[in-house]
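# Inside the fold
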Protein chains: 2
Amino acid sequence: MKRKITLKQIAKELDVSISTVSKALRNSIEISEDTREKVQAFAKLYNYRPNNIALSLKNRKTKTIGVIIPEIVHHFFSKVIKGIELLANTKGYNVIVGLSNESFDKEVLNMEMLANGSIDGFILSISKETLMKQDYHHFNETINQGMPIVMFDRVINDLNCDKVIVDDYEGSTKAVNFLIDKGCKSIGLITTMDYVSVGRLRTQGYISAIENQGAELNAELILKIDDSNTSEEQIDILESQIEQLFENNKNMDGVFAVNELYALIAMKVARKRGLKIPEDIQFIGFTDGVLSKHATPSLTTVSQHAQAMGEKAASLLINRLENEEDEEHFEKVIIETDLIERNSTK
Amino acid sequence: MKRKITLKQIAKELDVSISTVSKALRNSIEISEDTREKVQAFAKLYNYRPNNIALSLKNRKTKTIGVIIPEIVHHFFSKVIKGIELLANTKGYNVIVGLSNESFDKEVLNMEMLANGSIDGFILSISKETLMKQDYHHFNETINQGMPIVMFDRVINDLNCDKVIVDDYEGSTKAVNFLIDKGCKSIGLITTMDYVSVGRLRTQGYISAIENQGAELNAELILKIDDSNTSEEQIDILESQIEQLFENNKNMDGVFAVNELYALIAMKVARKRGLKIPEDIQFIGFTDGVLSKHATPSLTTVSQHAQAMGEKAASLLINRLENEEDEEHFEKVIIETDLIERNSTK
DNA sequence: ATGAAAGCGCTAACAT
DNA sequence: ATGTTAGCGCTTTCAT
């Protein structure tokens with residue numbers, strides 16, 4: 001078992017100084033052709049690679065990005081990570097992943113664990129608990145220490161950092177208008193509580209689309225789910241809540257759901273009640289998941305382009321890390337949504 | 001913007017030496033109560049945290065684990081990562097994620113990028129391309145340099161490292177026997193090419209279950225999918241191949257698929273052909289995905305306990321890192337599968 | 001009880 | 001052309 005070789009060992013073997021070796025390896029013209037070749041050959045033979053940690057200490061930068069997300073077993077987030085990793089890798093950066101698990105404490109802990117020199121900057125999406133508590137001191141402290149943050153999807157507006165969001169408002173409006181165009185007269189909304197900004201914005205998009213149509217807004221048609229605990233039995237509760245929605249609105253002929261699971265369960269309920277999809281009732285979900293494509297019928301969705309979000313977030317962060325210039329001026333990038341038509345709409 | 005404070009700065013402010021500060025912070029009895037309190041108060045005030053990189057360089061260990069997986073947008077892998085992160089975090093370790101994207105070159109690149117001091121050890125699952133080429137030099141080199149590896153799911157037997165696998169053979173046997181118990185007389189198999197070890201083992205499980213039954217093996221009932229490229233149009237090809245399977249076996253009354261997507265598409269084909277599930281034909285998938293639970297009908301599956309695999313892998317690696325003892329002796333842990341009954345079987 | 005010095009692996013300014 | 005030195009931030013052994 002041959003341990004990794006260091007400059008020091010090479011220097012000793014070849015009977016030169018450490019700095020000579022260092023320079024020779026970096027092709028410095030200060031070094032004679034002779035020793036340069038000798039050193040390089042030896043280094044190659046022993047498969048010398050500079051130690052990243054030593055470089056990080058010296059350069060005061062680690063070339064790694066810390067990513068904190070609420071949950072990894074989730075199509076949207078894993079796709080964002082894929083985008084981040086892809087772009088980071090092409091720029092020579094590594095990616096450390098921390099999971100907050102929707103918990104405030106774990107989010108803080110994870111950030112503290114990484115902010116002590118392990119990474120150059122953060123890309124993160126805020127946990128539900130943090131959003132609910134509205135306690136953002138850990139973000140501010142990190143930023144104040146000179147470590148840049150890029151937030152995506154679940155963001156806070158008045159924070160000194162770049163943001164990448166999907167146009168939730170526009171996406172919902174688009175979806176609801178689509179349902180209206182397809183002849184829906186009574187469109188239900190299945191959404192989350194307002195403290196999740198994306199839920200709030202999607203709800204607003206729904207409302208404005210309905211109102212712009214001159215139609216009156218019917219509160220009965222709006223179902224707000226409290227998903228602060230995401231346990232298993234939650235799904236049964238969810239289903240009965242959706243049952244109730246159908247029961248209260250017998251003439252409902254369209255449903256817009258803020259995620260694909262809600263939409264799928266709603267379709268299931270509709271089918272149970274003997275409704276034909278899309279003939280009797282049409283469905284659209286807001287999502288970037290796998291369920292939609294393989295559901296029966298397949299679900300029309302508003303795509304969030306999660307991977308593009310990840311790439312954009314990584315590119316913003318790396319730009320900021322490598323160009324000290326644009327301090328104090330932060331970008332808010334909006335990723336456009338696309339409506340993907342499948343078989344749950346006419 | 002106050003940058004992170006260092007021992008040096010504290011020492012200067014308090015007019016003591018760096019080593020005094022260091023000792024004071026670690027509660028050394030060498031230091032007088034007086035200065036100890038003074039230093040600790042000052043450190044707390046300025047929120048001092050030791051620099052991880054410096055510690056890593058000093059201790060020659062980074063307390064971070066490198067994870068290389070073929071794909072992250074995949075329920076199984078993201079669940080494994082969740083398990084790894086969970087356990088790693090409780091032990092004070094961070095997790096760097098690298099994606100091979102099923103490519104040999106990216107796998108090698110990623111490993112080289114991390115093996116130069118950034119991490120203490122690897123947890124990985126081998127890319128399809130690597131399995132096909134059977135080129136494992138990068139694993140051997142890493143191990144030879146004294147960096148431990150733990151492989152999971154897609155593993156190579158004769159490699160000096162710990163392994164965590166699911167009992168693919170046993171799981172398939174269990175599934176096929178279950179179908180037989182439920183009255184199936186003609187059971188189809190939808191699997192992958194043999195170079196993916198999990199596909200091969202699951203196929204063997206199917207075969208032995210059929211043969212143990214005294215039934216004769218019918219090659220017509222076995223469909224091997226070449227999924228070496230996983231593009232979009234692949235799904236249409238997949239569907240037509242499965243159509244063919246049904247066409248060739250009109251009396252098929254059970255299907256075992258080595259993943260949930262194959263099972264779902266098979267169910268779709270069956271439905272199209274007017275077959276009732278589970279009355280006319282029953283289905284089981286091998287998986288740990290979300291599709292199964294929300295499919296119609298929901299799919300009976302063999303669960304792999306992905307998160308448990310991740311936790312076990314992390315625990316094996318950390319044990320090896322922290323106890324130098326058990327060199328040369330490697331474990332192969334087998335995670336039991338569970339059959340989760342849903343509505344695609346009687 | 002405190003401090004000086006060496007060392008982890010590397011780079012770079014500054015001698016020679 | 002080569003070597004010495006200092007320093008990145010920290011711990012620890014060895015003086016004082």
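As the structure is a computational prediction, the values presented were derived from the model and not from experiment. (Residues numbered from 1 in each chain as written. Chains lettered and ligands numbered in written order. Predicted model: local features only at pLDDT ≥ 70, side-chain atom pairs only at ≥ 80, totals over all residues. Heavy atoms only, no water.)

In the numbering used here, UniProt assigns the feature "domain: HTH lacI-type" (unreviewed entry) to residues 5-59 of chain A. End C-alpha atoms of residues 5-59 of chain A are separated by 21 Å, and the span's content is 67% helix alongside 0% strand. (UniProt positions renumbered as here; feature names shortened; annotations may be inferred. Helix = DSSP H or I, 4+ residues; strand = E, 2+ residues; numbered from the N terminus.)

This paragraph deals with the protein's contact with DNA strand C. A:Leu7, A:Tyr48, B:Thr20, B:Lys23 and B:Lys58 are the nearest of the 27 residues found near DNA strand C. Within 4 Å of the protein, the contacting atoms of DNA strand C are 65% sugar and phosphate, with bases supplying the remainder. A distance of 3.2 Å is found between a base nitrogen of DNA strand C and a side-chain nitrogen or oxygen belonging to B:Ser19. The side chain of B:Lys23 places a nitrogen or oxygen atom 2.2 Å from a base oxygen of DNA strand C. Listed by contribution, the elements that provide at least two residues to the surface near DNA strand C are α1 (7-14), α2 (18-25) and α4 (52-59) of chain A together with α2 (18-25) and α4 (52-59) of chain B. Considering only residue class, the surface near DNA strand C consists of 10 nonpolar, 9 polar and 8 charged. (Near = heavy atom within 4 Å. Polar contact = N/O pair within 3.5 Å; in protein donor to acceptor, adjacent residues only side chain to side chain. Nonpolar A, V, L, I, M, F, W, Y, C, P; charged D, E, K, R; others polar.)

Residues and elements named next belong to chain B. Spatial ordering of the open sheet is given by β7-β6-β8-β9-β10-β12, a layout of 6 strands whose pairing is mixed. The open sheet has two edge strands with one neighbour each: β7 (222-225) and β12 (338-340). Averaged over all adjacent pairs, the angle separating strand axes in this sheet is 15°, with direction ignored. As paired elements, strand β6 (residues 187-192) and strand β8 (residues 254-257) share 4 bridges and run parallel to each other. Looking at the pairing, Ile 187 lines up with Gly 254 of β8. Strands in contact with helix α10 (residues 197-212) are β6, β7, β8 and β9 (282-287); relative to β6, the strand with the most contacts, it is inclined by about 165°. Packing against the sheet, helix α12 (residues 260-272) makes contact with β6, β7, β8 and β9, and its axis sits at approximately 160° to β9. (Pairing = 2+ DSSP bridges. Axes fitted to C-alpha atoms, helices over the stretch in contact; angles between N-to-C directions. Contact = heavy atoms within 4.5 Å.)

Turning our eyes to something else, we now look at the pattern of salt bridges. By the definition in use, this model includes 26 salt bridges over all chains. With a closest N to O distance of 2.8 Å, A:Arg320 and A:Asp162 form a salt bridge. A residue pair is termed long-range when its members are at least 10 positions apart, and A:Arg320 in helix α14 (residues 306-322) and A:Asp162 in strand β5 (residues 162-166) qualify at 158 residues. Comparing A:Arg320 with A:Asp162, the two get one shared label, buried. For B:Glu322, the salt bridge is made with B:Lys63, and the minimal N-O distance between the two is 3.9 Å. One end of the pair, B:Glu322, is in helix α14 (residues 306-322); the other, B:Lys63, is in the loop between α4 and β1 (64-69), and 259 residues separate them in sequence. Among the ionic contacts, a cluster of salt bridges with common partners joins A:Glu243, A:Glu247, A:Lys250 and A:Arg273. (Salt bridge = Lys/Arg side-chain N within 4 Å of Asp/Glu carboxyl O. Buried < 20%, exposed > 50% of the residue type's maximum accessible area, 1.4 Å probe, protein only.)

It is worth spelling out the interface of chain A and chain B at this point. In this assembly, 55 residues from chain A lie in contact with 54 residues from chain B. Summed over both sides, the interface between chain A and chain B buries roughly 4,900 Å², with carbon and sulfur atoms accounting for 56% of that surface. Contact with chain B buries surface across chain A, with A:Ile53, A:Asn116 and A:Gln145 losing the most and accounting together for 13% of the total. At the boundary of chain A with chain B, the tally comes to 4 salt bridges. Here A:Lys106 ties to B:Glu85 by a salt bridge, and the two come within 3.5 Å at their closest N and O atoms. Inspection of the region where chain A meets chain B yields 15 residue pairs in polar contact (both at pLDDT 80 or more). Of all the secondary-structure elements, those providing two or more residues to the side of chain A that touches chain B are α4, α5 (75-90), β2 (94-99), α6 (104-115), α8 (137-144), α12 (260-272) and α13 (291-294) of chain A. Of the residues forming the side of chain A that touches chain B, the biggest block, 7 residues, is contributed by α5(A). (Buried area = accessible area lost by both parts, 1.4 Å probe.)

Attention now goes to unusual backbone geometry. Omega for the bond connecting A:Thr296 with A:Pro297 falls within 30 degrees of zero, at -10°, which places this linkage in the cis form. With respect to the secondary-structure elements, A:Pro297 resides in the loop between α13 and β10 (300-303). The phi angle at A:Glu102 is positive, at roughly 65°, despite the residue not being glycine. Turning to its location among the elements, A:Glu102 is positioned in the loop between β2 and α6. Overall, A:Glu102 belongs to the partly exposed group, its relative accessible area being 22%. Phi at B:His305 takes a positive value of approximately 55°, unusual for a residue other than glycine. Judged by its relative accessible area of 28%, B:His305 is partly exposed.

Residue and element names in this part refer to chain A. Classification of Pro 297 as buried rests on a relative accessible area of 19%. Note: C-alpha distance between Pro 297 and Arg 342 (45 residues apart in sequence) is 8.1 Å. Contacts of Pro 297, omitting those with residues within four sequence positions, involve Met 267, Arg 271, Ile 277, Asn 343 and Ser 344.

On to the protein's contact with DNA strand D, then. Taken together, 28 residues form the shell around DNA strand D, and within it A:Ser19, A:Lys23, A:Thr35, A:Lys58 and B:Tyr48 come nearest. Near the protein, within 4 Å, the atoms of DNA strand D are sugar or phosphate in 62% of cases. Between DNA strand D and the protein, one listed contact pairs a phosphate oxygen with a side-chain N or O atom of B:Arg26 at 3.3 Å. Within the backbone of B:Ala54, an N or O atom sits 3.4 Å from a base nitrogen of DNA strand D. Residue assignment for the surface near DNA strand D shows that the elements contributing at least two residues are α2 and α4 of chain A together with α1 (7-14), α2 and α4 of chain B. Looking at which element gives the most residues to the surface near DNA strand D, the answer is α2(B), with 4 residues. In the surface near DNA strand D, the residues fall into 10 nonpolar, 9 polar and 9 charged.

Residues and elements named next belong to chain A. Per the counting criterion, the structure on display carries 12 aromatic pairs over all chains. Taken together, a centroid distance of 5.2 Å and an interplanar angle of 65° make the contact between Phe 76 and Phe 77 edge-to-face. Relative accessible area serves as the criterion here: at 2%, Phe 77 is assigned to the buried category. By way of ring pairs, the aromatic residues Phe 76, Phe 77 and Phe 152 are connected into one cluster. (Phe/Tyr/Trp six-rings, centres within 6.5 Å; stacked < 30°, edge-to-face > 60°.)

The next subject is the side chain of B:Ser303. If you trace the backbone, B:Ser303 turns up in strand β10 (residues 300-303). Given the relative accessible area of 7%, B:Ser303 is considered buried.

Turning to the pairing of strand β3 (residues 121-124) of chain A, a few remarks are in order. Residue and element names in this part refer to chain A. Across the two faces of β3 the burial is the same, with Gly 121 and Ile 123 and Phe 122 and Leu 124 all buried. One ladder, built from 4 bridges, connects strand β1 (residues 64-69) with β3; its direction is parallel. Bridge assignment links Ile 65 to a residue of β3, and that residue is Gly 121. Judged from the 3 bridges that link them, β3 and strand β4 (residues 149-152) form a sheet pairing that is parallel. Considered in β4, the bridge of Phe 122 is made with Ile 149.

What follows covers the packing of helix α9 (residues 168-181) of chain B against α10(B). Residues and elements named next belong to chain B. One way to put it is that α9 packs onto α10 with a least axis distance of 7 Å and a crossing angle of 40°. When the axis of α9 is compared with that of α10, the two are oblique. In this structure, the crossing between α9 and α10 has a hand that is right-handed. Residues Asp 168, Tyr 169, Ser 172, Thr 173, Val 176, Asn 177 and Ile 180 of α9 form the contact with α10, whose own contacting residues are Val 198, Leu 201, Arg 202, Gln 204, Gly 205, Tyr 206, Ser 208, Ala 209 and Ile 210. Looking at side-chain class alone, the contact of α9 with α10 contains 8 nonpolar, 6 polar and 2 charged residues. (Parallel < 35°, antiparallel > 145°, perpendicular 65-115°, else oblique. Left-handed = near helix turned anticlockwise from the far one by under 90°.)

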